[in-house]
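Residues per chain are reported as follows:
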Amino acid sequence: MARRVAVVGAGMTRFVRRAQETGKELAWEASREALASCELPLDRIDAVCLTSAPDAFDGVHMKGEYLSDGAGAFGRPFIRTYVGGGSGVFTAIQAFYTVASGMADVVLAVAEEKMSSTQPHPQGAFLTIFDNILERPLGPNLLWIFALEMNRYMTVHGIDKRDIAAVAVKNKRNAADHPAALLGQADITIEDVLASETLAWPVQRLDVSPISDGAVAIVVASEEAAKRITSDPVWIQGVGWNLDTAYWTNRDLVFPEYVANAARMAYGMAGVTEPRKQIQVAEPYDPFDYKELHHLEGLLLFDKGKAPEAARDGVLDRKGDLPSCPSGGLLGVGNPIAAAGLMKIAELFWQLRGEAGARQVPGTPERGVAQAWGDLMQVGTVVVMGREGPPATATKLETPPAATPATSLSDAEFRSATGAVEDEIGARYAWDAGVAIGRFLDGLRDGRIMGRECRNCERVLVPPRMFCERCFRGTDAWKQVEHTGVVQTFSICNVRWDMQPLDEPELPAVIAIDGSDGGFLHMLGEVERDEIRIGMKVEAVWKPVSERTGSILDIAYFRPGRRDSGGSTSERERASASSPGEDAS
C-alpha cells in the first residue's frame, strides 16, 4: 500500500524579468531556501526531482543534467520531468510517488525557468510547439491558440470581457502583497485592462502573464520522516494528471476536459466528493486571465461558464468564499513556466500552515487544490493538499522571505555585463510527412481534402491519421470530405511572435470541415474583421494548380461561403484540377 506523503518545506526566488543568476544558481537559491525552511542539510535528501520547460529557452540540450548540480542532485538519484506548462505541478507529483512507492524517504523537488535567454523573445522557442507540417507553414503565433480558445469560451457562454478582466485585476492586486512578485499592482482597475493594447483579439496585454525568470523548490517526505522533520506537515492527499490529444483543432476548446479528468483522479484519491464544499483555497494555473476561470471549471469548482460570475461577484477574492490565486498567481507574481507551476504547490503549503503573511486567506483553510496546464491546451496536472492536523502555527511568517534572491537586469545592463554571450544555433530540419499526412498533402495538391474513417467510433478524422487515438486501432478507409466548413473560433492578431506590430492583422481560425469530425488551423481572407463570427460558413480558396506543392498552403485561405448558379467557387476550382488523384475509398 502506498505510504502517506507530506510537504515539509518550501523555498522560492524572486521572479524577475532578466535574472543575472544562471539557471543553476536560481535552482540552488530556491533549493537552499527550501532546505533551510525545514532545517534539513542536503545529506538528508534521498533523491531529487527537477523540472524545467523547453531546452530551447537555455539552448542547452539535456537541460536537466545541466541544472542538476544546482538542484542538489550531485551523487543522488535524479530525474527531470517535463510536460510543458504542467511541469511544475507534475514534478511535485513525481516526488510524491517517489516517496509513496518507498523508493525514497525525503525528496527535493525543484523547478527552474530562465525564459529571458531566448532572443529576441522566448515565444521563439514555442514556435516549435506547432505541428511541423500542417501548422508551422502558416506562420503561427503562440498567442493565436490562446486567443482562439478565449474567443470560443467567451462566445459559447456569452461572457462579458469585464468579468475576465476582473481576474487580472484581482491577481495583480494580490501580488502587491507578495515579496517575490514581479508585477504586483495595488491600484490596477478593470478599465486599465480593457484599455491595454490588443495583441491577438480578444487577448490584451494585461490579460497576459509576464515573461519571467525564477525557481521554486519543495521538500517532500514520507509520513515517518515528516513527523521527525516538522510538527506541521501539509499532506499531499491526492494527485492526478491527464493528457488530451495533440490534435487540438479536433477538440471543442470551450472546456478543458484534460483538467477535469486529472481533477477527478486527484479528488478520488483525496476522498473529495463535493469539491466546491471541500476545497477552501485554490491555486489554478493563470498564464492568461481567462485560463484561471477555464481551469476553475475544469477543476469542477464551478459549472461550465459560471466561473466568470464568481470573479465578478468577488467569490474568488482573497477574502471571498473560494479564494483563487491569493498569491497573485502568474499574472501578478510572474510566469517562469515550470517554476510557476511549483509555486502553486508552495503557496498552498504556506497557506495551509498559516505562513503566507499579507496574502494569507482568512480563517484556517483545511484543504486546497493546485493545478497547472501546458502545451497545445492538452496537459492537466492536479494536486490536492490538506492539513489533517492541529491548527496552523500562530506565528504568522511571511514566506518566502522578503529578501529572496534573483537580481533583475535591464537590457543595457545585460549587454554590458562581463561575459555576456549571444549565440544563434544554426540547426536546420527536414521532416517526413508520414503515411497519413503524406496522403493528405497529395490530396491538397489535387484540390481535395482527405480524411480517414474510424468505423469503430464512427468518426472521420481530419487531419487524417492511420490509427484512432481513442480506439487505438487502425483506421479503416480514406474518405474525401468537403471544401467547406464552419469557423469554430478565430482571432485577429496584431503582433508577430516577437511582439513586433504587424502592418496588417492576421486572421487565424479553427475551421471545422464539413463531412468530418475534425478540422484544422488556417487563415481567413476576403472578409472584413468586424464581419467574422463563430459559426460563419466558409469555403476553401485554392491556389492555382500550377502553384500547388502538396502543402497546407495549397489552400490560400478560407473565405465566407458563396454560391451561384455555376456551383461554389471551390467546386469549380476542384473541377479544374489537372490531376484526378486517388480513389477516395
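Helix and strand content of the chain: 17 helices and 23 strands. Computed over the C-alpha atoms, the radius of gyration of the chain is 25 Å, within 12% of the 25 Å expected from 2.2 N^0.38 for a compact globule of 585 residues. For the chain, the proportion of its 585 residues judged to be buried stands at 59%. A sequence separation of at least 24 residues applies to 74% of the contacts in the chain between residues at least 6 apart. Of the side-chain charges in the chain, 61 are positive and 80 negative, and the distance between the mean point of each set is 3 Å.

With that out of the way, let us pick up the layout of surface pockets. Considered as a void within the structure, the largest pocket measures approximately 1,600 Å³ in volume. Around the largest pocket sit 43 residues that line it, and Ala56, Phe57, Asp58, Gly59 and Ser117 are the ones nearest its centre. Ranked by the residues each element gives to the lining of the largest pocket, the list is headed by helix H4 (residues 123-126), at three residues. Broken down by class, the residue content of the lining of the largest pocket amounts to 21 nonpolar, 13 polar and nine charged. By volume, the second largest pocket amounts to about 1,000 Å³.

It is worth spelling out the nonpolar core at this point. A general trend in soluble globular proteins is that nonpolar side chains are found buried together. Ile218, Leu301, Ile449 and Leu524 are the most contacted members of the largest nonpolar core, which has 145 residues in total. Ranked by the residues each element gives to this core, the list is headed by helix H14 (residues 337-352), at 12 residues. In contact with Leu524, other than residues within four places in its own chain, are Val487, Phe490, Leu507, Ala509, Ile511, Ile532, Val538, Tyr557 and Phe558. Judged by nonpolar contacts, the second largest core, of 29 residues, contains Ala19, Ala73, Val106 and Ala215.

In this model, the chain carries an average pLDDT of 92, and 94% of its residues clear a pLDDT of 70 or more. A low-confidence stretch, residues 564-585 (pLDDT under 50), is modelled with 39 contacts involving residues beyond four sequence positions or located in other chains.

Tracing the sequence through the fold places Lys344 in helix H14. Polar side-chain contacts of Lys344 include one of 2.9 Å to the side chain of Asp286.

Considering all chains together, one arrives at 12 aromatic pairs under this definition. Measuring from centroid to centroid gives 5.7 Å for Trp201 and Phe490, while their planes differ by 20°, and the two rings are stacked. Here the residue Trp201 occupies a position in strand E5 (residues 198-201), and Phe490 occupies one in strand E17 (residues 484-490), the gap between them amounting to 289 residues. Here the aromatic cluster, defined as three or more aromatic residues joined through ring pairs, consists of Phe146, Tyr285, Phe288, Tyr290 and Trp373. Of note, Lys304 hangs over the ring of Phe255, and the distance from its end group to the ring centre comes to 4.5 Å. When the ring centre of Trp478 is taken as origin, the NZ or CZ atom of Arg439, which lies over that ring, is 4.6 Å away.

Cis geometry is adopted by the peptide bond preceding Pro202, which originates at Trp201 and carries an omega value of 5°. By secondary structure assignment, the location of Pro202 is in the loop between E5 and strand E6 (203-204). The phi angle at Glu39 is positive, at roughly 55°, despite the residue not being glycine. Within the secondary structure layout, Glu39 lies in the loop between helix H1 (23-37) and strand E2 (47-51). If you check the backbone angles, Phe472 has positive phi at about 55° while not being a glycine. As for its position among the elements, Phe472 is in the loop between strand E14 (467-468) and strand E15 (473-474).

Applying the stated rule across the entire model yields 37 salt bridges. In this structure, the salt-bridge partner of Asp177 is Arg318, at a minimum N-O distance of 2.7 Å. With Asp177 in the loop between helix H6 (161-175) and helix H7 (190-195) and Arg318 in the loop between helix H12 (307-312) and helix H13 (329-332), this pair connects stretches of sequence that are 141 residues apart. A residue is classified by how much of its surface remains accessible, and Arg318, at 12% relative accessible area, is buried.

The antiparallel open sheet is built from five strands, whose spatial order is E21-E20-E17-E22-E23. Looking at which strands have only one partner, the edges of the open sheet turn out to be strand E21 (519-523) and strand E23 (555-560). Going from strand to strand, the sheet's axes swing by 45° on average, the running direction of each strand aside. Strand direction decides the pairing type here: E17 and strand E22 (residues 537-542), joined by three bridges, are antiparallel. Across the sheet, residue Gly485 finds its bridge partner in E22, namely Val538. Taken strand by strand, helix H5 (residues 142-157) contacts E17, strand E20 (508-513) and E21, and its axis lies near 95° from that of E17.

Pairing within the open sheet is antiparallel, and its four strands lie in the order E6-E5-E18-E19. Two strands bound the open sheet, and with one partner strand each, they are E6 and strand E19 (501-506). Where E5 meets strand E18 (residues 492-495), two bridges bridge the pair, whose relative direction is antiparallel. Looking at the pairing, Trp201 lines up with Ile492 of E18. Strands in contact with H5 are E5, E6, E18 and E19; relative to E5, the strand with the most contacts, it is inclined by about 60°.

On the surface, Tyr97, Trp241 and Met265 cluster together into a nonpolar patch covering about 260 Å² of accessible area. Inspection of the secondary structure assignment puts Met265 in helix H9 (residues 257-270).

Counted residue by residue, E19 has zero buried out of six residues, so it is predominantly exposed. Sheet analysis places E18 next to E19, joined by two bridges and oriented antiparallel. Within the sheet, the bridge partner assigned to Val495 lies in E19 and is Pro501.

Cut-offs and rules
- Residues numbered from 1 in each chain as written.
- Predicted model: local features only at pLDDT ≥ 70, side-chain atom pairs only at ≥ 80, totals over all residues.
- Heavy atoms only, no water.
- Helix = DSSP H or I, 4+ residues; strand = E, 2+ residues; numbered from the N terminus.
- Rg over C-alpha atoms; globule rule 2.2 N^0.38 Å.
- Buried < 20%, exposed > 50% of the residue type's maximum accessible area, 1.4 Å probe, protein only.
- Contact = heavy atoms within 4.5 Å.
- Lys, Arg positive; Asp, Glu negative; His and termini not counted.
- Charge placed at Lys NZ, Arg CZ, Asp CG, Glu CD.
- 1 Å grid on protein atoms, 1.4 Å probe; cavity = no way out; pocket = protein on both sides within 12 Å on 5 of 7 lines; lining within 4 Å.
- Points joined across faces, edges and corners; volume = space filled by probe spheres on them.
- Nonpolar A, V, L, I, M, F, W, Y, C, P; charged D, E, K, R; others polar.
- Core = buried A, V, L, I, M, F, W, Y, C linked by side-chain atoms within 4.5 Å.
- pLDDT = per-residue confidence, 0-100.
- Polar contact = N/O pair within 3.5 Å; in protein donor to acceptor, adjacent residues only side chain to side chain.
- Phe/Tyr/Trp six-rings, centres within 6.5 Å; stacked < 30°, edge-to-face > 60°.
- Lys NZ or Arg CZ within 6 Å of the ring centre and 35° of its normal.
- Salt bridge = Lys/Arg side-chain N within 4 Å of Asp/Glu carboxyl O.
- Pairing = 2+ DSSP bridges.
- Axes fitted to C-alpha atoms, helices over the stretch in contact; angles between N-to-C directions.
- Patch = residues over 30% accessible without salt bridge, like charges linked within 9 Å, V, L, I, M, F, W, Y side chains within 5 Å.
- Areas by Shrake-Rupley, 256 points an atom, 1.4 Å probe, with all protein chains shown as cover.

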